[in-house]
Amino acid sequence: MPPISRNFATITLASLMLTGAFSAIPAQAKSAQRGDTQVTVDASRWEAADPAMDRFITDLMSKMTLEEKIGQMSLLTSDWDSTGPTMREGYQDDIRKGRIGSIFNAFSANYTRELQRMAVEETRLKIPLLFGYDVIHGHRTIFPISLGESASWDLKAIEKAARISATEASAEGIHWTFSPMVDISRDPRWGRVSEGAGEDVYLGSRIAEARVRGYQGDDLGRVDTVLATAKHFAAYGAAQAGRDYHTVDISERTLRDVYLPPFKAAADAGAATFMTAFNEYDGVPASGSRYLLTDVLRHKWGFKGFVVTDYTSINEMVAHGYSRNLKEAGEQAINAGVDMDLQGAVFMENLAQSVAEGKVDMQRVDAAVKTILEMKYRLGLFEDPYRYSDEAREKATVYRADFLEAARDVARKSMVLLKNEGNALPLAANARSIAVIGPLADSKEDMIGSWAAAGDRKTRPVTLLEGMKARAPKGTTVGYAKGASYDFADADKNDGFAEALALAEKSDVIIAAMGEHWNMTGEAASRTSLDLPGNQQALLEALEKTGKPVILVLLSGRPNTIEWADQHIDAILHAWYPGTMGGHAIADVLFGDYNPSGKLPMTFPRNVGQVPIHYDMKNTGRPINPNDPNAKYVSRYLNTPNSPLYPFGYGLSYTSFGYSPVTLDKPRIAPGETLTASVTVTNKGPRDGEEVVQLYVRDLVGSVTRPVKELKGFQKIHLKKGESRTVRFQLSDADLAFTRADMSWGSEPGAFKLWVGPSSAAGVEAEFELTE
Ligand code: NOJ
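For every chain, the first residue of its written sequence is number 1, and the numbers climb from 1 along that sequence. Selection of residues for local features in this predicted model requires a pLDDT of at least 70, selection of side-chain atom pairs for listing and counting requires 80 or more, and totals for whole chains, interfaces and linings are taken over all residues. Processing note: side-chain calculations cover all non-hydrogen atoms of the structure and skip hydrogens and water entirely.

A. Seen up close, the overall build of the protein chain. Helix and strand labels come from DSSP, where a helix needs a run of H or I of at least four residues and a strand needs a run of E of at least two; each type is numbered from the N terminus. Scanning the protein chain from N- to C-terminus turns up 23 helices and 27 strands. Its C-alpha radius of gyration of 27 Å places the protein chain within 12% of the 28 Å reference for a compact globule of 772 residues. Oriented by its inertia axes, the alpha-carbon framework of the protein chain measures out at about 75 × 65 × 50 Å. Only protein chains enter the accessibility calculation, which uses a 1.4 Å probe; a residue is then buried when its area is under 20% of its type maximum, exposed when over 50%, and partly exposed in between. Here the protein chain, with 772 residues, has 63% of them falling under the buried criterion. Method for areas: the Shrake-Rupley scheme with a 1.4 Å probe, in which residue coverage is limited to the protein chains shown. For the protein chain, the computed accessible surface area is about 27300 Å², with 50% contributed by carbon and sulfur atoms. Between the averaged position of the 86 positive side-chain charges in the protein chain and that of its 99 negative side-chain charges there is a distance of 3 Å. C-alpha atoms define the radius of gyration, and 2.2 Å times the number of residues to the power 0.38 defines the globule rule. His is not counted here, nor are the chain ends, while Lys and Arg score as positive and Asp and Glu score as negative. To locate a charge, the coordinates of NZ of Lys, CZ of Arg, CG of Asp or CD of Glu are taken.

B. Here's a closer look at the nonpolar core. In these notes, a set of buried Ala, Val, Leu, Ile, Met, Phe, Trp, Tyr and Cys residues joined through side-chain atoms within 4.5 Å is what counts as a nonpolar core. In this structure, Phe233, Phe274, Ile437, Met468, Ile511, Ile586 and Leu590 are the most contacted members of the largest nonpolar core, which totals 164 residues. With seven residues, the single largest contributor to this core is helix α15 (residues 362–378). Marked domain ranges trace back to an automatic or database domain assignment. Both domains that meet at this core, namely domain 1 (45–74 + 134–393) and domain 2 (414–610), each give it at least three residues. Ranked by size, the runner-up nonpolar core spans 24 residues in total, among them Val662, Val693, Leu754 and Ala766.

C. A look at the site of the ligand. Whether a residue is near a molecule or strand is decided by its heavy atoms; if any one of them lies within 4 Å of it, the residue is near. Near the ligand there are 13 residues, and of these Asp134, Arg192, Lys231, His232 and Asp310 occur at the shortest range. A distance of 2.7 Å separates an oxygen atom of the ligand from a polar side-chain atom of His232. Pairing of N or O atoms within 3.5 Å defines a polar contact, subject to two protein rules: one partner must be a possible hydrogen donor and the other a possible acceptor, and residues neighboring in sequence count only if both atoms are side-chain atoms. Between an oxygen atom of the ligand and a side-chain N or O atom of Asp310, the distance comes to 2.5 Å. Coverage of the ligand by the protein chains reaches 100% of its 300 Å² of free accessible surface. Across the shell around the ligand, the residue classes break down as six nonpolar, two polar and five charged. Residue polarity is assigned by list, with Asp, Glu, Lys and Arg as charged and Ala, Val, Leu, Ile, Met, Phe, Trp, Tyr, Cys and Pro as nonpolar; anything else, Gly included, falls into the polar class.

D. Structural context of the environment of Arg460. Along the chain, Arg460 falls in the loop between α18 (444–447) and α19 (464–471). The class of Arg460 is partly exposed, set by a relative accessible area of 38%. A C-alpha to C-alpha distance of 47 Å links Arg460 and Leu754, two positions 294 residues apart in sequence.

E. The packing of α19 against helix α23 (residues 582–590), seen in detail. Convention adopted: a line fitted to C-alpha atoms gives each axis, helices being fitted over their contacting stretch, and angles between N-to-C directions are expressed from 0 to 180 degrees. Between α19 and α23, the least distance of the axes is 7 Å, while the angle of their chain directions is 55 degrees. The orientation of α19 with respect to α23, classified from their angle, is oblique. Both α19 and α23 take part in a crossing whose hand is right-handed. Note on element contacts: α23 touches α19 through Gly583, His584, Ile586, Ala587 and Leu590, opposite Leu464, Gly467, Met468, Ala470 and Arg471. Residue classes in the contact of α19 with α23 are distributed as six nonpolar, three polar and one charged. An angle below 35 degrees is treated as roughly parallel, one above 145 as roughly antiparallel, one from 65 to 115 as roughly perpendicular, and anything else as oblique. The handedness criterion is simple: a crossing whose near helix is rotated anticlockwise from the far helix by less than a right angle is left-handed, and one whose near helix is rotated clockwise is right-handed. By the convention used here, residues are in contact when the closest approach between their heavy atoms is within 4.5 Å.

F. Expanded view of the packing of aromatic side chains. Stacked, tilted and edge-to-face are the three classes applied to pairs of Phe, Tyr and Trp rings, where Trp contributes its six-membered ring and a pair requires centres within 6.5 Å; stacked means planes under 30 degrees apart, edge-to-face means over 60, and tilted covers the rest. This structure, assessed with the given rule, holds 24 aromatic pairs. An angle of 85 degrees between the planes, with centres 5.9 Å apart, marks the rings of Phe104 and Tyr311 as edge-to-face. Residue Phe104 is located in strand β2 (residues 102–104), and its partner Tyr311 is located in the loop between β9 (306–308) and α12 (316–319); the two are separated by 207 residues in the primary sequence. The pair formed by Phe104 and Tyr311 is uniform in burial state, with each residue classed as buried. Relative to Phe714, the ring of Trp153 lies with its centre 5.1 Å away and its plane at 80 degrees, an arrangement referred to as edge-to-face.

G. Geometry of the sheet that holds strand β15 (residues 550–555). If you walk across this open sheet you meet the six strands as β11-β16-β15-β14-β12-β13, and the pairing is mixed. The open sheet is flanked by β11 (416–420) and β13 (477–481), the only strands paired with a single partner. Strand-to-strand twist of the sheet, defined as the mean angle between neighbouring strand axes without regard to direction, takes the value 20 degrees. Two strands pair if DSSP finds at least two bridges between them. As judged from the four bridges shared by strand β12 (residues 433–437) and strand β14 (residues 509–515), these two strands associate in the parallel manner. Bridge assignment links Ala435 to a residue of β14, and that residue is Ile510.

H. A look at the confidence of the model for the protein chain. The predictor's confidence in any single residue is recorded as pLDDT, a number from 0 to 100. Averaged over every residue, the pLDDT of the protein chain is 93; the share at 70 or more is 93%. Note on residues 1–41: pLDDT is under 50 here. Beyond four places in sequence and across chains, it has 92 contacts.

I. The arrangement of unusual backbone geometry in detail. The peptide bond linking Lys231 to His232 adopts the cis configuration, its omega dihedral lying at 0 degrees. Cis geometry is found at the peptide bond from Val611 to Pro612, where omega equals 0 degrees. Within the fold, Pro612 resides in the loop between α23 and β17 (657–659). The backbone of Trp153 sits at a positive phi, close to 50 degrees, despite the residue not being glycine. Looking at where Trp153 falls in the secondary structure, it is placed in the loop between α6 (146–150) and α7 (155–170).

J. Seen up close, α15. Over its 17 residues, α15 extends 24 Å from the first C-alpha to the last, a length consistent with the 24 Å expected when each residue adds 1.5 Å. Burial of α15 is extensive: twelve of the 17 residues sit out of reach of the surface. Buried within α15 we find Arg364, Val365, Ala368, Val369, Thr371, Ile372, Leu373, Glu374, Met375, Lys376, Tyr377 and Arg378. Positive phi appears at Gly380, one or two residues downstream of α15, with a value of about 85 degrees. A helix is expected to reach a length of 1.5 Å times the quantity of its residues less one.

K. The arrangement of α7 in detail. Taking 1.5 Å as the rise per residue, α7 with 16 residues should run 22 Å; its terminal C-alpha atoms sit 22 Å apart, in good agreement. Within α7, 13 of the 16 residues are buried, which leaves it mostly tucked inside the rest of the structure.

L. Seen up close, the pattern of salt bridges. Whenever a carboxyl oxygen of Asp or Glu lies within 4 Å of a side-chain nitrogen of Lys or Arg, that contact is scored as a salt bridge. The final tally for this structure, using the stated rule, is 50 salt bridges. We note a salt bridge from Glu357 to Lys359, for which the minimum N-O separation is 3.1 Å. Relative accessible area serves as the criterion here: at 44%, Lys359 is assigned to the partly exposed category. One salt-bridge network, held together by shared partners, links Asp154, Arg408, Asp409, Arg412, Lys413 and Asp588.

M. Representation of the domain arrangement of the protein chain. Examined at the domain level, the protein chain breaks down into domain 1 (45–74 + 134–393), domain 2 (414–610) and domain 3 (657–770). Once you take the C-alpha centre of each, domain 1 and domain 2 turn out to be 35 Å apart. The interface of domain 1 with domain 2 comprises 38 residues on the first partner and 35 residues on the second. The term buried area denotes the loss of accessible surface (1.4 Å probe radius) that occurs when two parts are joined, taken as the sum for both partners. Together, the buried faces of domain 1 and domain 2 total about 2600 Å²; carbon and sulfur atoms form 59% of this surface.

Quick look at the structure:
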């Protein structure tokens, strides 16, 4: 690598050799405020008209050749790392020739400056590069996986995690994250459930907004913000049979009511970019869907950012059987509304010819290039292309102590206590010897889960064993045995059992750290079984036979089928993959320094045969009669109840909460009016704690059938021991809207049920009416 030029200040604007617009560029560089991680200002301000920017970009585009424009529409991976086959070599040469305008998988102040130097010193028009990266749940400091973070139901904490991720990533030269993933996920066989906010439309939408706000802050011109990407547009979570990349076949109504709302929320929060999905919708691959990318996203929602494809997804339109060849695929993609080709090099290789043949309109190319250049401008890159590539800032920012502390805090907030028989947790003071057993007990690499792209898997993560040792009171011993394996191939082995059982026998309490290898969720990680893989179940059963109290700490990225554990194990804590500080956070919960408050963002099935199972299902014409659950000719299984093992919204605490009856301020509302539902929640247990108070409704009769329950609001409250608080929710007809029989969006008059409670399966009930 040639020596890096430090004298970059003089080669930025002055060397662009463009005329007229410089004086009009607003001063965008506002220094990032240390510790200022909470941003609450409307993130969509970048959408406001900016005549100076328009002049600058019009002027720049008037100088660009078609090849240079196509370069701006091309995003290629660097040589560092990739998530699929690297299609092109020699990308540095492409930078110099202006053939690529954006790079992903390149970071660090030093390296991004070197690549940026090639773009702004060696290309004809000196247009700066945009650096993208998968900053999914943390950059260097890794937070819990996105599904785990979502289990906190704590929007401020989630926003703060995104803010910190953006602060670290931007300090390492990154301008753009491919996050948040806002795909509704109702099928735990699909490995990518770990990357999103779970199964619910309302929760998913609020989390989408929080993450966009966190990444983008209130001003894209701030040097600690990154562009967000709402992905994967759309309906990727509906992959048939939970098999990644598989066909999607859902109704237009389900698309609109279930899969689109979190994307709309992200767009309204100001998400600067959207990424297409690998799947098809209604027979058309998402990257070729004019309906999704233009009719819905641009025309209906008024999206003003740019659309990038997923990895080689234009190329894949040939395999889908939608395009005869790559050139045609490229034409279909750009004409559908794609602005940037990620890693496919299809635009690069074919678009000029397509334009020459009149298959693609020059105006469409210009529109795409404009949206991309606008983002570079808003980030301040034309003013100072190196502003994100600053070693001093990088050094002062990554792994900051307050970031690590925040990661520990979010991690403990994300954990869900699924069972706690006889108050097995928190650990009793007389537990003087603790056995920590299992393949995930002392595994650093697993703690940070999948999609922790720049995360350190080797040294930084604190394991459960390390966390327990650090926290255990003086005189308490913490022993360790791996005991079992999570490898599929080890299902019939038992070579570690004897050592684990010997340790268990001489200990007061057993912590079984079991679950999945980190790579068993995320992309290309679908499973047809949700059981504990390898020989973990057999060891768990053997540990239970010792008669010692057993606590299962589940570490995984999806709902697992743990019915046996629910029936036999004293306490179960789902810790997801909790991130860099995971071991400390788990110890905080096990020892009772933190009272668990997480609630499930996905339903846990009893067995995989119940999948897809989610709380907002339809009633059917033959629902089960709860008073006669075994009746024939109703919608049920012969061998398994319909109910899940743990419902959506469920999670226990070390204290207990009581709910008063719910009161409504009026029995009926007209359109435009507001209904207030109030409930008093009391902390009736022995310690302070947090409760997620949830509001659900059911529209009893509609022009089309409606789900049995839908989340419409939640509040996470902290109550001291013995404290009561009245929680109020407001509802109006807008909250009751759905896609009606005629496909219009709106509510319908009629009777509604309403519940306020601690989960989707419990709560106090009331009824109200929406009038004409
Ligand atoms: C493929 C994944 O589907 C997407 O989520 C990711 O952002 C891209 N690869 C880039 O790494």
